[in-house]
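As a plain string of letters, each chain reads:
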Amino acid sequence: MLFEEKEANLLDDLRLVFPQEIFLVNDDKETVEVFNSIYDESEWKEWTDASSKDAPPPDFYNDTQHLMLEVMRVDDHGFKKKGKVRNPNYERQHKLEKELRDLGVMDAYPNLQHIVINAVTDLPTLEDHNYRYYRDNFVRTVEHHKQRISLYRKNHPGSKLIFFVYDESSAYFEAERETNVFSNEGEAGTPHAWFFDKAFLDVFIGSDIDYFVWFTPYKHFQHIEPPVSLPRVCVYRCNSMTYESIEYKPSHMVSSEA
């Protein structure tokens, strides 16, 4: 199984993040306690894994603290075309996984539990890392899981609901010019503060989700002067937002991996 396709692996990855890389958007006692319940290794032992296909949703629950957790993945590759969602990166990963199986690699290493594949799609940058794809994929994925909130609450009445998003997208800039004329040579721009981007926040702030944990392990800004340090994990209490959101121009957004 690919590493990213097992929900518990994504939470294991979260617990490798340094505390200074975590931004508690709501830095109150309850938010800290809720986040620590999944971040702290000893507290995580209180959780039950219900992520198997035959188990009732959501993916994890904690009867001690009356919490439940739903896990999802998003990236900036997937897009919807003719009513069908496609993701060239995931397709490439599964193709390479099949090739490994056909070559007998899995049989040669029977104790191999998880596989991490860095799939290169060879697509042009604006097709491989696309802000519009990213925004729409994020909204589509979160909205899909929001439609099941009543079921989560029915299965675990009285429990607070946490959405955990494992975001595999690259970092972005908002360039001063539209991206179709972006040269990547001395171009002026501003790093994308995804954690305050209105297009993303509107889907979960003020919703029936109680807490939202947004993990972005692959956002890196390279070759920036002065250096930019941004969080890898952002934690929100969805019924309380004290920061101003930011509206970005989609036509000006370009991946840092351009």
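Shown above is the structure to which this text applies.
Residues numbered from 1 in each chain as written. Predicted model: local features only at pLDDT ≥ 70, side-chain atom pairs only at ≥ 80, totals over all residues. Heavy atoms only, no water.

We now examine the pairing of strand β11 (residues 233–237). Summarising burial for β11: four of the five residues are buried, a large majority. Where strand β1 (residues 22–24) meets β11, three bridges bridge the pair, whose relative direction is parallel. The partner of L24 across the bridge, within β11, is V235. Relative to β11, strand β10 (residues 211–215) is paired through five bridges, and the arrangement is antiparallel. Bridge pairing in β11 links F215 to V233. (Buried < 20%, exposed > 50% of the residue type's maximum accessible area, 1.4 Å probe, protein only. Helix = DSSP H or I, 4+ residues; strand = E, 2+ residues; numbered from the N terminus. Pairing = 2+ DSSP bridges.)

Moving on, we come to the pattern of salt bridges. Counted according to the given criterion, the structure contains 10 salt bridges. Linking D202 and K198 is a salt bridge whose minimum nitrogen-to-oxygen distance equals 2.7 Å. You can call D202 partly exposed: its relative accessible area is 49%. Residues joined by salt bridges that share partners form a network here, namely D12, R15 and E41. (Salt bridge = Lys/Arg side-chain N within 4 Å of Asp/Glu carboxyl O.)

Next up on the list: helix α1 (residues 7–14). By the criterion of burial, α1 is predominantly enclosed, with six of the eight residues buried. Within the span of α1, buried status applies to A8, N9, L10, L11, D13 and L14.

This part takes up the environment of F204. Along the chain, the position of F204 falls in the loop between α9 (198–201) and β10. Overall, the relative accessible area of 0% leaves F204 in the buried class. Here F204 is in contact with F138, I209, F212, W214, Y236 and C238, once residues within four sequence places are set aside. (Contact = heavy atoms within 4.5 Å.)

Within the open sheet, the seven strands sit side by side as β1-β11-β10-β7-β4-β3-β2. Their pairing is mixed. Unpaired on one side and paired on the other, β1 and β2 (48–49) mark the two borders of the sheet. Where β2 and strand β3 (residues 60–62) come together, two bridges link them in antiparallel fashion. Bridge assignment links T48 to a residue of β3, and that residue is Y61. In the packing of helix α7 (residues 131–146) onto the sheet, the strands contacted are β4 (67–74), β7 (160–167) and β10, and the crossing angle to β4 comes to about 150 degrees. (Axes fitted to C-alpha atoms, helices over the stretch in contact; angles between N-to-C directions.)

Membership of the largest hydrophobic core comes to 34 residues, with the highest contact counts inside it found for F138, V142, F163, F204, F212, W214 and Y236. Excluding residues within four positions of it along the chain, F163 makes contact with E70, M72, V142, H145, K146, I149, Y152, I209, Y211, F212 and V213. Within the second largest apolar cluster, 24 residues are counted, among which are L11, L14, L67 and Y166. (Core = buried A, V, L, I, M, F, W, Y, C linked by side-chain atoms within 4.5 Å.)

Okay, the sheet that holds strand β9 (residues 189–191) next. What the three strands build is an open sheet, ordered β9-β8-β12; its pairing is antiparallel. Edge positions in the open sheet fall to β9 and β12 (253–255), since each of these has one partner strand only. Between one strand and the next, the sheet's axes are offset by a mean angle of 35 degrees, whatever the strand orientation.

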